[in-house]
Amino acid sequence: MNTLPNPVPRMTGARTRLSVAALALVLLSGCATLASDGGVADVQALVGGKTGSTDARLPTSSGQADAQSVAELLKAPLDAEAAVRIALLNNPGLRGSLATLGVSDALRVQAGTLPNPHFSLGRFRQGDEVEIERFLSFNLIGLLTLPWKYQWQTRQHELAKLQAAQDVIRLAADTRKAWITAVAARQSAAYMRDAKEAAEAGGELARRMARVGNWSRLRQAREQLTLAEATAQLARAEQAAFSARERLTRLMGLWGAQADFRLADRLPDLPKDATPMTDIEARALRERLDVRSSMAEARYVAEQMGFTKVVGYVDGMSIGFARNSVFDNDTGTKASNRGVEL
């Protein structure tokens, strides 16, 4: 005798899958929490050993502690390492980049949060009948795509970390170059100042020698021309030194009394031996953050394009539960109906 299959196991399996999916959504929304530092610690780990200084650290939420550190570094003549540390702690552009990183972290948490349901309540009257309508709906597409959206926003946050790390490394390199340029320009100005003093002495000697008749007017004019050229070169050197110092000041984010910092007297000596570098190309491809960022962005765009093709046919879907109650004041009766809307 043929018997019909028992539908209970199939119904149980369907309920189990729905329960697992609901539990996964709840766990996903519960795990999405804001980082205490907005991801600054991860950026600090990415730039480790790439800023040229041993203890370069990024700004913290305590601005007073960073200001004290900057004040301590400004007490001594400023070397390259101190300039980099001050720039990383005090540069307003870098602070803005790290603030953007915090916004990206907030968007990541928001992407992992369950969408809010929509509830509506209506009251309609026709003669002696009063109808009360209650409707509760959920964004079904938002619920189904929640894991993917959270995954993509997490990858976007990782891209933001790589971009912030690149900004840190670029700022450190620019500050170091600006410090070298400022010190070199200061040394050039000092040299041109000595050259002008020597030209002034030569001009005074030429004037006295020409007055007693030992030098000709032509030779005196040549000495005066040398003095004029030295004066012009000194003016250009002082202007270059001023511009280089201002650029360094801007990169370090200093202003007011802080801008009166003291630079080192001279550039450090060149190393006696060149640092040996092996496997430079492989190391560059492995450690350069811009290469890693480009690869991660390419994967992100490719996956997002695939999802866009899928949801391009159905851009919205919601499921709702409705319950209507009709009261007849004339007869004193009540009628209710309920249903589901997709």
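You'll find the structure just up there.
Residues numbered from 1 in each chain as written. Predicted model: local features only at pLDDT ≥ 70, side-chain atom pairs only at ≥ 80, totals over all residues. Heavy atoms only, no water.

## Focus on the packing of helix H4 (residues 80-90) against helix H7 (residues 146-211)
Note the cut-off: What counts as an axis is a line fitted to C-alpha atoms, over the stretch in contact for a helix, and the angles between N-to-C directions run from 0 to 180 degrees. Counting from the N terminus, the helices are the DSSP runs of H or I reaching at least four residues and the strands are the DSSP runs of E reaching at least two. Here the angle decides the label: under 35 degrees means roughly parallel, over 145 means roughly antiparallel, 65 to 115 means roughly perpendicular, and every other value means oblique. Crossing handedness is defined as follows: a turn of the near helix away from the far one that is anticlockwise and smaller than a right angle gives a left-handed crossing, while the clockwise case is right-handed. When checking whether two residues touch, look at their non-hydrogen atoms; a contact exists if any pair is within 4.5 Å.
Look at H4 against H7: their axes get within 9 Å of each other, and the N-to-C directions meet at 140°. If you check the angle between H4 and H7, you find them oblique. The crossing of H4 and H7 is right-handed. Side by side, H4 and H7 meet where Ala80, Glu81, Ala83, Val84, Ala87 and Leu88 of the first sit next to Val168, Leu171, Ala172, Thr175, Arg176 and Trp179 of the second.

## Side note on the pairing of strand S4 (residues 333-341)
Cut-off, in case you're wondering: Two strands are said to pair when DSSP picks up at least two bridges between them.
Both strand S3 (residues 318-328) and S4 contribute to a ladder of nine bridges, which runs antiparallel. Across the sheet, the residue bridging to aspartate 328 is threonine 333, located in S4.

## Concerning the sheet that holds strand S2 (residues 129-139)
Reading across the sheet, the four strands line up as S1-S2-S3-S4 and stay open at both edges, with antiparallel pairing between neighbours. Two strands lie at the open edges of the sheet, namely strand S1 (118-126) and S4, each paired on one side alone. Across the sheet, the axes of successive neighbouring strands diverge by a mean angle of 10°, strand direction being ignored.

## Here we look at the pattern of salt bridges
What counts is decided by this rule: For this document, the term salt bridge refers to a Lys or Arg side-chain nitrogen within 4 Å of an Asp or Glu carboxyl oxygen. Think of it in three bands: with a 1.4 Å probe and only protein chains considered, a residue is buried below 20% of the maximum accessible area for its type, exposed above 50%, and partly exposed in between.
All chains considered together, the criterion is met by twelve salt bridges. One salt bridge in this structure joins glutamate 200 and lysine 196, with 3.8 Å as the shortest N-O distance. One end of the pair, glutamate 200, and the other, lysine 196, are both in helix H7, four residues apart, so they sit about a helical turn from each other. Of the residues examined, lysine 196 reaches a relative accessible area of 22% and is grouped as partly exposed. The closest approach of N and O atoms between glutamate 204 and arginine 208, which form a salt bridge, is 3.0 Å. Note that glutamate 204 and arginine 208 are positioned in helix H7 at a spacing of four residues, about one turn of the helix. When salt bridges that share partners are traced, they join Asp42, Glu158 and Lys161 into one network.

## With respect to the packing of aromatic side chains
For the record, the criterion: In this scheme Phe, Tyr and Trp rings, the latter by its six-membered ring, pair at centre separations within 6.5 Å, and the angle between planes marks the pair as stacked below 30 degrees, edge-to-face above 60, and tilted otherwise. When the NZ atom of lysine or the CZ atom of arginine is within 6 Å of a ring's centre and also within 35 degrees of its normal, the charge is said to sit over that ring.
For the structure shown, the criterion picks out zero aromatic pairs. Note that arginine 219 overlies the ring of tryptophan 215, its terminal NZ or CZ placed 3.9 Å from the centroid. Here the basic side chain of arginine 245 rests over the ring of phenylalanine 261, its NZ or CZ set 4.1 Å away from the ring centre.

## A short note on the nonpolar core
Quick reminder of the rule: Buried Ala, Val, Leu, Ile, Met, Phe, Trp, Tyr and Cys residues form a nonpolar core when they are joined through side-chain atoms within 4.5 Å.
Ranked by internal contacts, the top residues of the largest apolar core, which has 44 residues, are Val43, Leu78, Trp179, Leu248, Met252 and Phe261. Among the elements that line this core, the one with the most residues is H7, at 13 residues. Setting aside residues up to four positions removed in sequence, tryptophan 179 forms contacts with Leu78, Asp79, Ala80, Ala83, Leu248, Leu263, Ala264, Leu267 and Pro268.

## Looking at H4
Most of H4 sits inside the fold, with eight of its eleven residues counted as buried. The set of residues buried in H4 consists of Ala80, Ala82, Ala83, Val84, Ile86, Ala87, Leu88 and Leu89.

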